[in-house]
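Here's the letter readout for the chains.
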Amino acid sequence: MSKIGLTTTVPVEVIYAAGHTPVDLNNIFITGSDAMKRLEEAELAGYPRNVCGWIKGLYSTALQNPDIRQIVAVTQGDCSNTHALMETWEVEGIEIIPFAFPYDRDPDMLRLQMDKLISVLGTTWQDVNEQKKRLDQVRSLAGEIDRLTWEENRVSGFENHLYQVSCSDFNGNPEGFASEMEEFIQTARMREPLSASSPGAVKGKKREIRLGYIGVPPIFPELYDYLEDHGARVVFNEVQRQFAMPFNTPDIVEQYRLYTYPYKVFLRLEDIAREAERRQLDGIIHYTQSFCYRQIEDQIIRKKLDYPILTLEGENPTGLDARNKMRIESFLSMIED
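Residues numbered from 1 in each chain as written. Predicted model: local features only at pLDDT ≥ 70, side-chain atom pairs only at ≥ 80, totals over all residues. Heavy atoms only, no water.

*Asks:* Explain the sheet that holds strand S8 (residues 309-314) here, please?
*Replies:* Two orientations exist for strands paired in a sheet by backbone hydrogen bonds: parallel and antiparallel. Taken together, the four strands give an open sheet; going across it, the order is S6-S5-S7-S8, and neighbouring strands pair in parallel fashion. The open sheet has two free edges, formed respectively by strand S6 (232-237) and S8, since each of these has just one partner strand. Direction aside, neighbouring strands of the sheet carry axes that sit 30° apart on average. Sheet topology note: the strand S5 (residues 209-214)/strand S7 (residues 283-289) ladder contains four bridges and is parallel. Bridge pairing in S7 links Gly-212 to Ile-284. (Pairing = 2+ DSSP bridges. Helix = DSSP H or I, 4+ residues; strand = E, 2+ residues; numbered from the N terminus. Axes fitted to C-alpha atoms, helices over the stretch in contact; angles between N-to-C directions.)

*Asks:* Where do I start with helix H13 (residues 265-278) in this structure?
*Replies:* Over its 14 residues, H13 extends 20 Å from the first C-alpha to the last, a length consistent with the 20 Å expected when each residue adds 1.5 Å. Turning to H13, its buried residues number three or more, namely Val-265, Leu-267, Arg-268, Leu-269, Asp-271, Ile-272, Glu-275 and Ala-276. Among the structural elements, S5, S6, helix H11 (238-243), helix H12 (252-258), S7 and helix H14 (298-304) are those in contact with the buried residues of H13. Backbone geometry just downstream of H13 places Gln-280 in the positive-phi region, at approximately 55°. (Expected span 1.5 Å × (residues − 1). Buried < 20%, exposed > 50% of the residue type's maximum accessible area, 1.4 Å probe, protein only. Contact = heavy atoms within 4.5 Å.)

*Asks:* Looking at this structure, I do not really get the environment of His-286. What am I missing?
*Replies:* Relative to the helices and strands, His-286 resides in strand S7. Sequence separation between His-286 and Trp-125 is 161 residues, and the spatial gap between their C-alpha atoms is 37 Å.

*Asks:* How should the pairing of S6 be read in this particular structure?
*Replies:* Side-chain positions along a regular strand alternate between the two faces of the sheet. With six of six residues buried, S6 lies mostly within the body of the structure. Sheet topology note: the S5/S6 ladder contains five bridges and is parallel. The residue bridging Leu-211 from the neighbouring strand is Val-234, located in S6. What joins S5 to S6 is helix H10 (residues 223-229), and the crossover it makes is right-handed. (Right-handed = clockwise from strand over helix to strand, strands pointing away.)

*Asks:* I would appreciate a short explanation of the pairing of strand S4 (residues 95-100) in the present structure.
*Replies:* As defined by bridge partners, strand S3 (residues 68-76) adjoins S4 across six bridges and the pair is classed as parallel. Looking across to S4, one finds that Ile-71 is bridged to Ile-96.

*Asks:* Is there a simple way to think about the environment of Ala-188 in this case?
*Replies:* With respect to the helices and strands, the residue Ala-188 is situated in helix H9 (residues 174-189). Dropping the residues within four chain positions of it, Ala-188 is found in contact with Leu-148, Arg-154 and Val-155.

*Asks:* Please explain the side chain of Gln-255 as it appears in this structure.
*Replies:* As for its position among the elements, Gln-255 is in helix H12. The residues contacting Gln-255, other than those within four sequence positions of it, are Glu-13, Lys-132, Asp-136, Arg-139, Met-245, Phe-247 and Thr-249.

*Asks:* Mind showing me how you'd approach the state of the cysteines here?
*Replies:* Among covalent bonds in proteins, the disulfide is the one between the sulfur atoms of two cysteines. Summed over the entire model, instances satisfying the criterion amount to zero disulfides. Just so you know, Cys-292 is unpaired, no disulfide at all, and the nearest cysteine sulfur is the one on Cys-79, 5.8 Å from it. For Cys-292, a relative accessible area of 16% corresponds to the buried category. (Disulfide = S-S within 2.5 Å.)

*Asks:* What exactly am I supposed to notice about the confidence of the model for the chain here?
*Replies:* Caution applies to low-pLDDT parts of the model: their predicted coordinates are not meant to be read in detail. Averaged over every residue, the pLDDT of the chain is 94; the share at 70 or more is 96%. The low-confidence segment residues 196-203 (pLDDT under 50) makes 16 contacts with residues lying over four places distant or belonging to another chain. (pLDDT = per-residue confidence, 0-100.)

*Asks:* Would you mind going over the nonpolar core with me for this structure?
*Replies:* Within soluble globular proteins, side chains that are nonpolar generally end up buried alongside one another. Judged by nonpolar contacts, the single largest core of 94 residues is most densely connected at Val-72, Trp-89, Leu-211, Leu-227 and Ile-328. Dropping the residues within four chain positions of it, Leu-227 is found in contact with Leu-211, Ala-232, Val-234, Ile-285, Ile-328 and Leu-332. Counting residues in each nonpolar core, the second largest holds 13 residues, with Ile-214, Val-235, Leu-269 and Ile-301 among its members. (Core = buried A, V, L, I, M, F, W, Y, C linked by side-chain atoms within 4.5 Å.)

*Asks:* Any chance you could explain the packing of helix H4 (residues 53-63) against helix H5 (residues 82-91) here in plain terms?
*Replies:* A pair of packed helices can be characterised by two numbers: the angle between their axes and the separation between those axes. Close contact between H4 and H5 brings their axes to 11 Å; oriented N to C, the two are set at 20°. The angle between H4 and H5 places the two elements in the roughly parallel class. Crossing angle aside, the handedness with which H4 passes H5 is right-handed. Residue-level contacts link Ile-55, Leu-58, Tyr-59, Ala-62 and Leu-63 of H4 to Thr-82, Leu-85, Thr-88 and Trp-89 of H5. Residues that form the contact of H4 with H5 fall into these classes: seven nonpolar, two polar and no charged. (Parallel < 35°, antiparallel > 145°, perpendicular 65-115°, else oblique. Left-handed = near helix turned anticlockwise from the far one by under 90°. Nonpolar A, V, L, I, M, F, W, Y, C, P; charged D, E, K, R; others polar.)

*Asks:* Honestly, the packing of aromatic side chains in this entry has me stumped. Any pointers?
*Replies:* In this description, an aromatic ring pair is defined by two values, namely the gap between the centres and the angle between the planes. Tallying each qualifying case throughout the model produces 16 aromatic pairs. Plain terms: the ring middles of Tyr-163 and Phe-184 are 4.8 Å apart, the flat faces sit at 35° to each other, and that makes the pair tilted. On the criterion of sequence distance, the pair formed by Tyr-163 in helix H8 (residues 157-165) and Phe-184 in helix H9 is long-range, its members being 21 residues apart. The residues Tyr-163 and Phe-184 share a single accessibility class, namely buried. Through pairs of rings, three or more aromatic residues link up here, namely Phe-99, Phe-101, Phe-243, Tyr-256, Tyr-259, Tyr-261 and Tyr-263. Sitting over the ring of Tyr-263, Arg-105 keeps its end group 5.8 Å from the ring centre. One residue, Arg-134, lies across the ring of Tyr-16, its end atom 5.2 Å from the ring centre. (Phe/Tyr/Trp six-rings, centres within 6.5 Å; stacked < 30°, edge-to-face > 60°. Lys NZ or Arg CZ within 6 Å of the ring centre and 35° of its normal.)

So this is what it looks like as structure tokens:
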């Protein structure tokens, strides 16, 4: 069994069916104690400063893990800089396995991409479908954590983020990850519901402000704690929830068609609007990564969503700066008023 790196969520059922372990490079980059050092290493290697911090972090993280000699890189449906990232990895002797999500969600093209991945890794559709059944059981636990977040108010925004974003690779051990989530669910169910009177909430708040977080996962996860310290809580993590595949379908191709992140922003907006109403959101934080083409989509999101929206931009994993803290506080004050 070998480790195969991922640049983003892909059909991990294929990797597990082939007897390998998927490793989401994003997760090990951002949870590392020296994340900023990874960016500096990429720039020393020749990456320009005005390139997305996630791309630079992925580059160095892969090189810091010599047991990862293959990487499944998404060439369509994710960052447009991935093509050059793949080439710089190839120069370092890493084998690249390309995967493309078709822009129009064409099921035949998506099946063809999965066929190619199955062929490269040496497995079968039968084994892949067996892995889907296995992983769907684990995903259902992430779904319960999500429900406990917005319906019972027993889970923090960061906890919701962490367990759902980890469904991109199941921490390389689906059964172990399932056990961890089961233990967490038992603990969460015994908690008192969170509210504006919870420890850390600002005195004088009438009630907790319910927020949605949309866009790629933040490069500064401490955002969640900062919001809760100021009387707000994220009860909807858009892309992280998509990583957990909250879809009730036995067809694995359809599962990755329903997955909104790689496709048009309008599919994402349908999901966001539906969940915003169901979860009774008061406002939305739209996170955009510096130098990312997805920043352009902010104008569409603002036209289509009838909610107060705060757009936050992040560049490096150095934490929330004073400007963003001030903008968050003003946004929350505006919603409360």
